[in-house]
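What follows is each chain in one-letter form.
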Amino acid sequence: MNAYAGTVLRVDLARGKITKESLNLELARGYLGGRGFAASILYQELEKGTDPLGPGNKLIVATGPLSGLLIPGAGKTTFAAKSPATGGYADSSVGGHLCAEMKYAGYDAFIFEGISPQPVYLFVDDEEVELREASRYWGQGSISVEKVLKEELGEEFQIATIGPAAERGVVYSCVSHDFGRQAGRAGVGTVMGAKRLKAIAVRGTKSIPVADLDEYRRISRQMYDACRASEAWESWTRLGTSGVNMWSDEVGSFPTRNFQSGAFEKAEGLAGELMRERIVVTDKACFGCSSPCGKWSHSKKHGVRVEGPEYETAALLGANVALSDIEDVAYANYLCDEYGLDTISAGNAIAFAMECFEKGIITTEETDGLELNFGQAKVVFALLEKIAKREGIGDILAQGVKHAARVWGKGSSDFAVQVKGLEMSGYESRNAPAMLLSYMTADVGAHHNRSWAITYDLEVGRDKVTEDKAAKVIELQHIRPLFDCLGCCRLQWVELGLDLGYYAAVLKAVTGVDRSWDDLLKISERVWNLTRAFWVREVEGFGREWDYPPARTWKEPVISGPTKGKFVSREDVEKLLDMYYAQRGWDKNGIPTREKLEELGLSDLVKI
Amino acid sequence: MYLRADSSKCSGCRACLLACSLYHFAENNPKKARLAITPHFPNPGTYEVRTCTQCGECAEVCPVDCIPRDEKGAYYIDAEECIACMACVDACPEGVIFVHPDYEAPFQCDLCEECVSYCGPGALYIE
Amino acid sequence: MKRVKVVPVGMLKNYLSETVRANPAQTVHQLLDGLGIPADLVAVVMVNGRQEPKSYLLQEGDQVKLVPLVGGGQTLVEERMLK
């Protein structure tokens, strides 16, 4: 099958059995790949009510049809499972080189089932596939293990690992790859840990077939030329995502002190240019990317090397815990990477504990004697270790802010900044209703990558709560995750302005199947409705209530900065959902209607 | 004419390797490329790019004299004459004569410049 | 006096259609105000290849590039609903 490797590896960890299956043509046609594969497989193969940490959960690692081809940024791998953080659908995309190597080895996806009796890693070298004993790596850090495996197996192997946090069941543990890229969100690493799968190592020497080689090369050439010619190339490549740190602060969207504010008085310490000049060693690209946003840094102050900190980490482990020295943030980033913690959720958890401490909801009795004051780097480092080891207060924070708020009570759930149990990523949204709606409705919980609509709020007016904002969110929720179906990065489109038309054209050239951009968006909408149906099936009583943001949104205005005094009222939250559900063809409770499921070809599969 | 690499500008994306394999073999396969990138992570965190310097050591050690130069001045292995002894592969000081299980004869850079045109950061250039 | 070269990128061309020359001795903020470009939509200000804050005081001969929030990313909602 052109543009696909044609084979899926099914790995039964309980029995140590690996099966090679032909890639299902219907799956490729209906869901493209990546996140589409994951959503379809999880919906069809998981039994209702599966325990996320039990043997019934499956970990899907999926490539897309563009992965590994000469297309800018064709290096995005999807990790997916039922989430131990939320109990619902989870997928998380990681950059780097893994998906390309998987396809060169001849595989479109890996499906991990069951629980291994002892720690193992999956070894894949073209046709040779086996589970290997990994007890000696158990307990070691993500980055350390990757280094050791590269030394043992060879530099050409692409490696994904988990750290000690995942082994111990911290619900927001990530999968790490390429020394500092992560499938970070919603606990896909936790699932890998529960399966006692310490790592995946892949090397391939095969070629990926394409339908029309000349046309593919012609469009590929144009895509690379357009990226390099983009006027935004210089700044994007120099700064990566850290380029927007100062902007986010200027517009009051930089989460500060557990999202109490959107502006941080010491934000200049986290500025992208300062980071570039002070700690960046080299630019670091994902597969095939000619505009590398990855920044490899060296903190002399702490004696560590780390990829980043990128925007989200500067936001959540910087401003949100009130750290203003980029080297302290880099060290916190390093700790998260080595322990295997998601920096976004970890930063939220620590900030939440700090606000609870500030408000007297918890005292040194609950904190193992630590004074949890904002701005204390040593406290942040100590809490990261406690979380990863699940010691004392760390054991509560290891289960996410929603859980911690239940334990500590006293109204703290109002400022446990999460949706569906997933901590919010780095945009304070009380004066950005489209961004707020994006967080409310993202299909993994409060994450920005499905719809980064704050730009739209700023363009058309921040206070407006209007139909076009809901439309924009839906449109972005179809375009952006589509890249995760294609196995390719979206940032060439977002940041460099690469025309979307290229993607439909090159997909046609490599697969030989003619699909319009609208056809592709329809596939993305199908996936979106399927993940929603997964939530409906897996979470008892799922509906509108699960789309609510934390009550701080309407109870408490922003305390400082350019958006001071702003909030989104309860009425506007309801209005946003009403508009969104109606435009999506969902009922008032946010459940896809039969007509919508029929329109998307899901009515046989989904019975809700 | 030489293909040069400024390793300090490389960000390790491997587009050059893929462009190389597409140009020479019409295949998507970086393992069939004629230049090499070795990442050194986590410490110090650099990419090492190696290209053919046209030093000619391969031609010198070839027992059947099948590595002549073409009109651009690039050494090339004449696959018809090659006996696959791999002496050139071992002799190459840069490690940029490559083998792949699909082919008996090794292969090396022919200065086609295809890689240069795909390198975003400009780490590869012709001199 | 050598003037400042100001280059708009991507969607900022909706506000400033082409490269213009401007006076130095004003901040980037003042420059944006004068040109009628909403500062919130300018994500990154590059001056001579370095990122500078909007409080930066422009110098003679500076080359300024104004990079928007979203380099491209204009999508169908803009076309269908904003016209």
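Predicted, not measured: the structure shown is a model, and the values here were computed from it.

*Asks:* Any chance you could explain the layout of surface pockets here in plain terms?
*Replies:* Looking at the largest pocket, its volume works out to about 730 Å³. Considering the residues around the largest pocket, the lining is formed by 33 residues, among which Glu155 and Glu156 of chain A together with Ile37, Thr38 and Pro39 of chain B are closest to the centre. Of all the secondary structure elements, the ones that give two or more residues to the lining of the largest pocket are α4 (142-153) of chain A together with β2 (36-40) and β3 (46-50) of chain B. The leading source of residues in the lining of the largest pocket is β2 of chain B, at five residues.

*Asks:* What's the story with helix α21 (residues 501-511) of chain A in this structure? I'm lost.
*Replies:* Because an α-helix completes one turn every 3.6 residues, residues spaced three or four positions apart along the sequence face the same direction. All names here are of chain A. Every buried residue of α21 is listed here: Tyr503, Ala504, Val506, Leu507, Ala509, Val510 and Thr511. At its buried positions, α21 is contacted by α7 (213-229), α19 (467-486), α20 (491-494) and α22 (517-538). Among the residues trailing α21, glycine 512 stands out with phi positive, at a value near 80 degrees.

*Asks:* I tried to follow the domain arrangement of chain A on my own but got confused; where do I start?
*Replies:* Interface size is commonly expressed as the accessible area that is lost once the parts come together. Residue and element names in this part refer to chain A. According to the domain assignment, chain A consists of domain 1 (7-203), domain 2 (253-404) and domain 3 (433-497 + 515-599). Centre-to-centre, using C-alpha coordinates, domain 1 lies 26 Å away from domain 2. Taking both partners together, domain 1 and domain 2 bury about 2400 Å²; carbon and sulfur atoms supply 52% of that area. Ranking the residues of domain 1 by area buried against domain 2 places Arg168, Tyr172 and Arg181 at the top, with a combined share of 29%. Our enumeration of links across domain 1 and domain 2 arrives at three salt bridges.

*Asks:* What's the story with the sheet that holds strand β12 (residues 197-203) of chain A in this structure? I'm lost.
*Replies:* Strands in a sheet are paired, the pairing made by backbone hydrogen bonds, and the direction either parallel or antiparallel. All names here are of chain A. Pairing is mixed across the open sheet formed by six strands, whose spatial order is β8-β7-β12-β9-β10-β11. The sheet is open, and its two edges are formed by β8 (128-133) and β11 (181-183), each paired on a single side. Averaged over all pairs of adjacent strands, the angle between their axes in this sheet comes to 20 degrees, without regard to strand direction. Pairing analysis gives six bridges linking strand β7 (residues 120-125) to β12, with the strands arranged parallel. If you follow leucine 122 over to β12, its bridge partner there is isoleucine 200. The strands touched by helix α3 (residues 98-105) within the sheet are β7, β9 (158-161), β10 (175-177) and β12, with β12 carrying the most contacts at an inclination of about 60 degrees. Most of the contacts of α4 go to β9, to which it runs at about 150 degrees, and overall it touches β7, β8, β9, β10 and β12.

*Asks:* Please explain the interface of chain A and chain B as it appears in this structure.
*Replies:* In this complex, chain A contributes 40 residues to the contact, which on the side of chain B involves 32 residues. Of the roughly 2800 Å² buried where chain A meets chain B, counting both sides, 56% is carbon and sulfur surface. Taken together, the connections running from chain A to chain B amount to three salt bridges. Taken together, chain A and chain B are joined by 20 residue pairs in polar contact (both at pLDDT 80 or more). Broken down by secondary-structure element, the contributors of at least two residues to the side of chain A that touches chain B are α3, α4, α7 and β13 (280-284) of chain A. Residue composition of the side of chain A that touches chain B, by class: 18 nonpolar, ten polar and twelve charged.

*Asks:* When you look at the interface of chain A and chain C in this model, what are you seeing that I'm missing?
*Replies:* On the side of chain C, 30 residues touch chain A, which itself brings 31 residues to the contact. Our enumeration of links across chain A and chain C arrives at five salt bridges. Residue glutamate 250 of chain A is joined to lysine 54 of chain C by a salt bridge in which the shortest nitrogen-to-oxygen separation is 2.6 Å. Our enumeration of links across chain A and chain C arrives at nine residue pairs in polar contact (both at pLDDT 80 or more). Looking at the side of chain A that touches chain C, the elements that each hand over two or more residues are α8 (233-239), α9 (245-250), α10 (272-278), α18 (454-460), α19 and α20 of chain A.

*Asks:* How do you make sense of the pattern of salt bridges when you look at a structure like this?
*Replies:* Note that side chains of opposite charge can pair when their charged atoms are close. Under the counting rule described, the total for this entry stands at 72 salt bridges over all chains. As a salt-bridge pair, glutamate 525 of chain A and lysine 596 of chain A come within 2.7 Å of each other at their nearest N and O atoms. Pair noted here: glutamate 525 of chain A is in helix α22 and lysine 596 of chain A is in helix α25 (residues 594-599), with a separation of 71 residues, a long-range link. Given a relative accessible area of 9%, glutamate 525 of chain A falls into the buried group. The class for lysine 596 of chain A is buried, based on a relative accessible area of 10%. Across the pair glutamate 52 of chain C and arginine 50 of chain C runs a salt bridge whose closest N-O atoms are separated by 2.6 Å. Judged by its relative accessible area of 31%, arginine 50 of chain C falls in the partly exposed class. In this structure, a network of salt bridges that share partners links the residues Arg10, Glu21, Glu45, Lys58 and Glu113 of chain A.

Rules of the game
Residues numbered from 1 in each chain as written. Chains lettered and ligands numbered in written order. Predicted model: local features only at pLDDT ≥ 70, side-chain atom pairs only at ≥ 80, totals over all residues. Heavy atoms only, no water. 1 Å grid on protein atoms, 1.4 Å probe; cavity = no way out; pocket = protein on both sides within 12 Å on 5 of 7 lines; lining within 4 Å. Points joined across faces, edges and corners; volume = space filled by probe spheres on them. Helix = DSSP H or I, 4+ residues; strand = E, 2+ residues; numbered from the N terminus. Buried < 20%, exposed > 50% of the residue type's maximum accessible area, 1.4 Å probe, protein only. Contact = heavy atoms within 4.5 Å. Domains from an automatic or database assignment. Buried area = accessible area lost by both parts, 1.4 Å probe. Salt bridge = Lys/Arg side-chain N within 4 Å of Asp/Glu carboxyl O. Pairing = 2+ DSSP bridges. Axes fitted to C-alpha atoms, helices over the stretch in contact; angles between N-to-C directions. Polar contact = N/O pair within 3.5 Å; in protein donor to acceptor, adjacent residues only side chain to side chain. Nonpolar A, V, L, I, M, F, W, Y, C, P; charged D, E, K, R; others polar.

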